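Listed below are the residues making up each chain.
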Amino acid sequence: MNLQDLIGMPNAASTVAQDVDELYLFILVLSVISFVGIIGFMLWYVVKYRQQSENDKTSPMHHNTQLEIWWSVIPSVLLVVIFIWGFRGWMDMQVPPDDSMEIRVTARQWSWQFDYPRDGIVSDKLVVPANKPIKLIMSASDVIHSFYVPEFRVKKDVLPGRYSVVWFEALEPGTYNVFCTEYCGKDHSRMITRVEVLSDDDYQQWIDSGGGLGDLPMHELGAIFFQRYGCNQCHSIDGAANTGPTFQGLWGRDEQFTDGSSAPVDENYIRESILYPGNKVVKGYQNKMPSFKGKIKDKQLDAIIEYIKSIEQ
Ligand code: CUA
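If you're wondering where the values come from, they're calculated on a predicted model, not measured in any experiment.

S.K.: So what exactly am I meant to see when it comes to a nonpolar patch on the surface here?
M.R.: Residues Tyr24, Leu28, Val32, Phe35, Val36, Ile38, Ile39, Met42, Leu43, Val46 and Val47 make up a contiguous nonpolar surface patch of about 1000 Å² in total accessible area. By the secondary structure assignment, Val46 is in helix α2 (residues 17-48). Take Val46: its relative accessible area is 53%, and that puts it in the exposed class.

As structure tokens, this is what we get:
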């Protein structure tokens, strides 16, 4: 039987969990010993010194300096041990290691969103590699929520208007629950998602495939990437002229280019324009667009194409 079964804790799946549980067990055992000892002595004294006759007098003794020193010093030493042990563990959990991988967490009524800034991925579940410290930078877009993974012994409030940070390192691949532990409204109890801990290879595969596109329809995901990659800074969707052509009315028309040629706007044209913006420059515009080759995943590109299709023509 392992420690977690003994004290009724969930599996210890992060690097800090075992230490947290050992301290918990230490405090639990101390408390039980103190409780049994104090109550036991009290009961024994109640019986031993009960009034046995009319003539019983109370004990003349009312002071014992040595005893009082001992029952002050021993608990003080134990308290210092608990403090140092707890403080070291707490510092450990507060300060993410320098080589942590950063993931942004957004909590809202009533869902979680995880953003991978380096890979341009948005996911509704948290996917991480095993044996790698993960730093979560969290904020809420409405009310206070709280991020909690019992198996990791990690819990931290997620607040609107500021960032809170929490980190963990998962020990091995597996799937764990994420709960919201701050009452945040009607569906608080359903604000649940998962952490999927993968091996390095599986994780890399997940990233390369564009990662957890979640359950959103493709064109809605495309709208997210349209903002994320900054397309909206140069391309309007309402017909207004900008640094680049508007996306309104774009799909399906014949586009005229500066070199006098033209081509229909279809999937391949959009794809080419995102990866090699200089190949076909629309008449009346200069090529100011950077190439997104190597920066955008195929699935994201597909989603953006679907988004452009979905814009009211
Ligand atoms: Cu979010 Cu409770």
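S.K.: How should I be thinking about unusual backbone geometry in this particular structure?
M.R.: Trp110 follows Gln109 through a cis peptide bond whose omega is 0°. Inspection of the secondary structure assignment puts Trp110 in the loop between β1 (101-108) and β2 (111-116). The phi dihedral of Arg153 is positive, around 60°, even though this residue is not glycine. Under the relative-accessibility criterion, Arg153 is labelled buried at 12%.

S.K.: For this particular structure, what's the right way to read the sheet that holds strand β5 (residues 134-140)?
M.R.: Hydrogen bonding along the main chain pairs the strands of a sheet, whether they run parallel or antiparallel. Reading across from one edge, β3-β2-β1-β5-β8 is the order of the five strands in this open sheet, with mixed pairing throughout. Of all the strands in the sheet, the pair left with one neighbour each is β3 (121-123) and β8 (164-168). Mean inter-strand twist for the sheet, computed between neighbouring axes without regard to direction, equals 25°. As paired elements, β1 and β2 share five bridges and run antiparallel to each other. Paired with Val105 across the two strands is Phe114, which belongs to β2.

Here is what the cut-offs are and how they apply
- The residue numbers shown here count from 1 along each chain, following its written sequence.
- Only residues with pLDDT of at least 70 get local features here, since the model is predicted, and only at 80 or more are side-chain atom pairs given and counted; chain-wide, interface and lining totals rely on the full set of residues.
- Water and hydrogen atoms play no part in the side-chain values, which are based on all heavy atoms of the structure.
- The residues that make up patches have over 30% relative accessible area and no salt bridge, and they are joined within 9 Å when like-charged or within 5 Å when they are Val, Leu, Ile, Met, Phe, Trp or Tyr.
- Note on areas: Shrake-Rupley, 1.4 Å probe, and residue coverage restricted to the protein chains presented here.
- Only one rule defines a salt bridge in this text: a Lys or Arg side-chain nitrogen within 4 Å of an Asp or Glu carboxyl oxygen.
- We count a stretch as a helix when DSSP gives it H or I for four or more residues in a row; a strand needs E for two or more, and each element gets its number in order from the N terminus.
- Each residue is placed in one exposure class: buried if its accessible area under a 1.4 Å probe, protein chains only, is under 20% of its type's maximum, exposed if it is over 50%, and partly exposed if it falls in between.
- Pairing between strands requires that DSSP locate at least two bridges from one strand to the other.
- Between N-to-C directions, angles span 0 to 180 degrees; the directions come from axes that are lines fitted to C-alpha atoms, helices contributing only their stretch in contact.

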